[in-house]
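# Structural features, examined
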Amino acid sequence: MAKTHAVVLIEGDGIGPEVIGASRRVIEAAGVSVAWKVHYAGAEAFEKHGAVLPAATIEALREHRCALKGPTGTPIGGGHTSVNVQIRQQLNLYAAVRPVRSIDGIDTRYKDVEIVIVRENTEGLYSGIEHQIIPGVVESLKIVTEAACTRIAEFGFAYAREHQRKSVTVFHKANILKMADGLFLKCSRAVREKSFKDIEYKELIIDNGCMQLVRDPSRFDVLVLDNFYGDIVSDLCAGLVGGLGVVPGANFGDGIAVFESVHGSAPDIAGKGLANPLAAIMSGVMMLNYLGETAAAGRIKGAYNAVLAARDPALRTRDIGGNAGTQAFTDAVIARLKG
Ligand code: NAI
């Protein structure tokens, strides 16, 4: 009998319920048996439970150790700390993995992008330690530890080896942040020297790295980045392959994983049925692979690839040049899956 997987489902804010609902429908249509443990985070959690990250959600994540999560909104310039940062820190989800790939049928300036971003997820500028020293002067601390830098470098190199990747590139700003980014580099070099000499290793100052990325992304393979650079470069890379609607992601800790797209809650299109669910569906595929459901993952991938490769505007969302809504695209993927 097929195994039933317990998965925490967090719809999140904005387009979250639309795209996570689509991903759930596709996973169920593929015949995978999932016991969804529905929990809340973000605005809906605040309305229902008086907290943006209820204790029950964290407890469920600790218990079931696997989640499919939608985006959660974070107020700008004040208000609560990002729910994502809280989840990643509290559960020690130290590595974000974001595969950025050219997709047949989604035309962009580039054809051969095959990048995997590995982002440190727990510290750096996202430590959230800020204060006002005197009115008009604030201080934000970038916390960098040898332990976390070594851990993410080991993860990045191990990922590269496991996935038959040839090179790891670290982006940094160690010319200015000599100690903070200097430590990141020192740890990356040490990890490579100790255990990964078979993998090519490059370092680029991040401004130059961004320029090289938009000139010729095919030069890059695995990118290992600190928290802040990883956040920004993820969106930049998404722009190379069709935008935020087409890039999935996962946050890994030891024996625990939360799968979520790179994109945010997209308040500009929320509730309109326009969001591209592809990134959430792809995040679901990453989750199925993690759970060992590789056959179902492969079939879902085959289905959305076939729908996109057909280049039918009626079967793709607006962000990638079509006129379908979230549901029409999802229906097309499910029809292909079952056909
Ligand atoms: P965003 O990613 O929500 O949106 C940026 C642009 O991309 C918007 O024009 C949006 O319509 C478009 N877009 C994003 N996802 C799309 C999709 N699936 N289909 C079609 N178009 C899509 O970024 P923004 O506007 O900077 O942030 C909005 C909120 O999301 C903020 O509160 C931010 O903190 C939060 N956020 C949450 C994340 C998470 O929970 N993992 C990640 C990034 C942002």
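The rules behind each value
Along every chain, residues carry numbers that run from 1 in the direction the sequence is written. Given that the model is predicted, a residue must reach a pLDDT of at least 70 before its local features are reported, and side-chain atom pairs must reach 80 or more before they are shown or counted; all residues, however, enter totals for whole chains, interfaces and linings. Note: side-chain values were computed over all heavy atoms of the structure, leaving out hydrogens and water. Cavities and pockets were defined on a 1 Å grid built over protein atoms only: a cavity is a set of grid points that admits a 1.4 Å probe from which the probe cannot escape, a pocket is an open set flanked by protein on both sides within 12 Å along at least five of seven lines, and lining residues are those with an atom within 4 Å of any such point. Grid points are joined across faces, edges and corners, and a volume is the space filled by probe spheres set on the points. Secondary structure follows DSSP: runs of H or I at least 4 residues long count as helices, runs of E at least 2 residues long count as strands, and numbering of each begins at the N terminus. Amino acids outside the nonpolar list (Ala, Val, Leu, Ile, Met, Phe, Trp, Tyr, Cys, Pro) and the charged list (Asp, Glu, Lys, Arg) are all regarded as polar, and Gly is one of them. Source of the domain bounds: an automatic or database domain assignment. Whether two residues touch is decided by their heavy atoms; if any such pair falls within 4.5 Å, the residues are in contact. Here the quantity called buried area is the accessible surface, traced with a 1.4 Å probe, that two parts lose on coming together, added over both. In protein, a polar contact means a hydrogen-donor-capable atom and an acceptor-capable atom, both N or O and within 3.5 Å, with residues adjacent in sequence counting only if both atoms are side-chain atoms; elsewhere, any N or O pair within 3.5 Å suffices.

### Some thoughts on empty space enclosed by the protein
With the rule as written, the count across this model stands at two cavities of 30 Å³ or more. As a volume, the largest cavity reaches approximately 70 Å³. Around the largest cavity sit Glu120, Glu123, Gly124, Lys142, Val144, Ala148, Cys149, Ala180, Asp181, Phe184, Asp226 and Asn227, which together line it. Counting only elements with at least two residues in the lining of the largest cavity, the list comes to α5 (146-162) and α6 (180-195). It is α6 that contributes the most residues to the lining of the largest cavity, three residues altogether. Roughly 30 Å³ of volume is contained in the second largest cavity. What lines the second largest cavity is Val19, Ile20, Lys69, Gly70, Pro71, Glu260, Ser261, His263 and Ala280. For the lining of the second largest cavity, the residue count by class is four nonpolar, three polar and two charged.

### Things to note about the domain arrangement of the protein
Taken domain by domain, the protein comprises domain 1 (1-100 + 244-339) and domain 2 (109-241). Centre-to-centre, using C-alpha coordinates, domain 1 lies 24 Å away from domain 2. With 18 residues of domain 1 in contact, the opposing surface of domain 2 contributes 22 residues. When the buried area of domain 1 at its contact with domain 2 is split by residue, Tyr94, Arg98 and Val100 rank highest and sum to 40% of it. Linking domain 1 with domain 2 are ten residue pairs in polar contact (both at pLDDT 80 or more), by the criterion used here. For the side of domain 1 that touches domain 2, the elements supplying multiple residues, two or more each, are α4 (83-90), β4 (95-101) and β11 (250-253).

### Quick word on the layout of surface pockets
If you add up the space inside the largest pocket, you get close to 1,100 Å³. Every residue lining the largest pocket is counted, 35 residues in all, and those nearest its centre are Thr74, Ser82, Val85, Tyr126 and Asp231. Residue assignment for the lining of the largest pocket shows that the elements contributing at least two residues are α4 and α8 (227-241). The dominant element in the lining of the largest pocket, judged by the number of residues it contributes, is α4, at five residues. Residues belonging to the lining of the largest pocket are distributed by class as follows: nine nonpolar, 19 polar and seven charged. Counting the residues that make up the lining of the largest pocket, at least three belong to each of domain 1 (1-100 + 244-339) and domain 2 (109-241). By volume, the second largest pocket is sized at about 770 Å³. Lining the second largest pocket are 28 residues; nearest its centre among them are Pro99, Tyr159, His163, Met286 and Asn289.

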